[in-house]
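# Inside the fold
Take a look at the letters that make up each chain.
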Amino acid sequence: MIGLSCTAGAVLALCGQVRGTLERKGLPQKELDGGRVRIEPRYNQGSGFGLVPLNGRQMAPLSLAALWALLGVCGGRGAGLLLGGGLSNLWERIRHGRVLDYLRFPKAPGPLKKYTYNLADLAIFLGAVLMVLRRRRQ
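Computed from a predicted structure; not experimentally measured. For every chain, the first residue of the written sequence is number 1, and numbering continues from 1 along that sequence. Totals for whole chains, interfaces and linings use all residues, but because this is a predicted model, local features are given only for residues with pLDDT of at least 70 and pairs of side-chain atoms are given and counted only at 80 or more. To obtain the side-chain values, all non-hydrogen atoms of the structure were used and water was disregarded.

## Quick notes on unusual backbone geometry
Worth spelling out the cut-off: Where helices and strands are cited, they refer to DSSP runs of H or I of at least four residues and of E of at least two residues respectively, numbered from the N terminus. Each residue is assigned to one of three classes by its accessible area relative to the maximum for its type, calculated with a 1.4 Å probe on protein chains only: buried under 20%, partly exposed between the two thresholds, exposed over 50%.
Of note, L27 is a non-glycine position whose phi angle comes to about 55°, a positive value. Checked against the element boundaries, L27 lands in the loop between α1 (2–24) and β1 (30–32). Given a relative accessible area of 27%, L27 falls into the partly exposed group.

This is the structure:
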């Protein structure tokens, strides 16, 4: 439980720091790693991938309920990453009414290249992968 809390807290703090830095610098755009990664800040007022037609503040209670349900079912390794990323996006939705996404991968396969992500999204993805791998080993 301590490890989960520390990991979640670190992810939450780092995501807040990155958002603050990008906003203070005027949301700069930049290409990294030979064009494989682009910093392209964009505000997302809806849900992930635009799947649910609700605004950020309407999504907050739904997001929190889904996060707690998933952690209750899966738990274990990766849960801290999932919790920290989820709380970071939730906090942005509650505080700002939108989430700042800023990472794009133009050379990624298929539809992944057309979306913009943030650090919290990557933590959620990695946490979910770790949790699935743990479940498969059991």
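Next comes the rest of the description.
## Some thoughts on the pattern of salt bridges
Heads up, the rule is: Think of a salt bridge as a Lys or Arg side-chain nitrogen and an Asp or Glu carboxyl oxygen that are within 4 Å of each other.
All told, the structure shown has seven salt bridges when counted by the stated rule. Here R19 ties to E92 by a salt bridge, and the two come within 2.3 Å at their closest N and O atoms. Of the two residues, R19 is situated in helix α1 and E92 in helix α3 (residues 79–96); the sequence distance between them amounts to 73 residues. The same class applies to R19 and to E92, which are both buried. Ionic pairing is found between E40 and R42, a salt bridge with its closest N-O pair at 2.7 Å. By relative accessible area, which is 6% here, E40 ends up buried. Among the ionic contacts, a cluster of salt bridges with common partners joins E31, R38, E40, R42 and R104.

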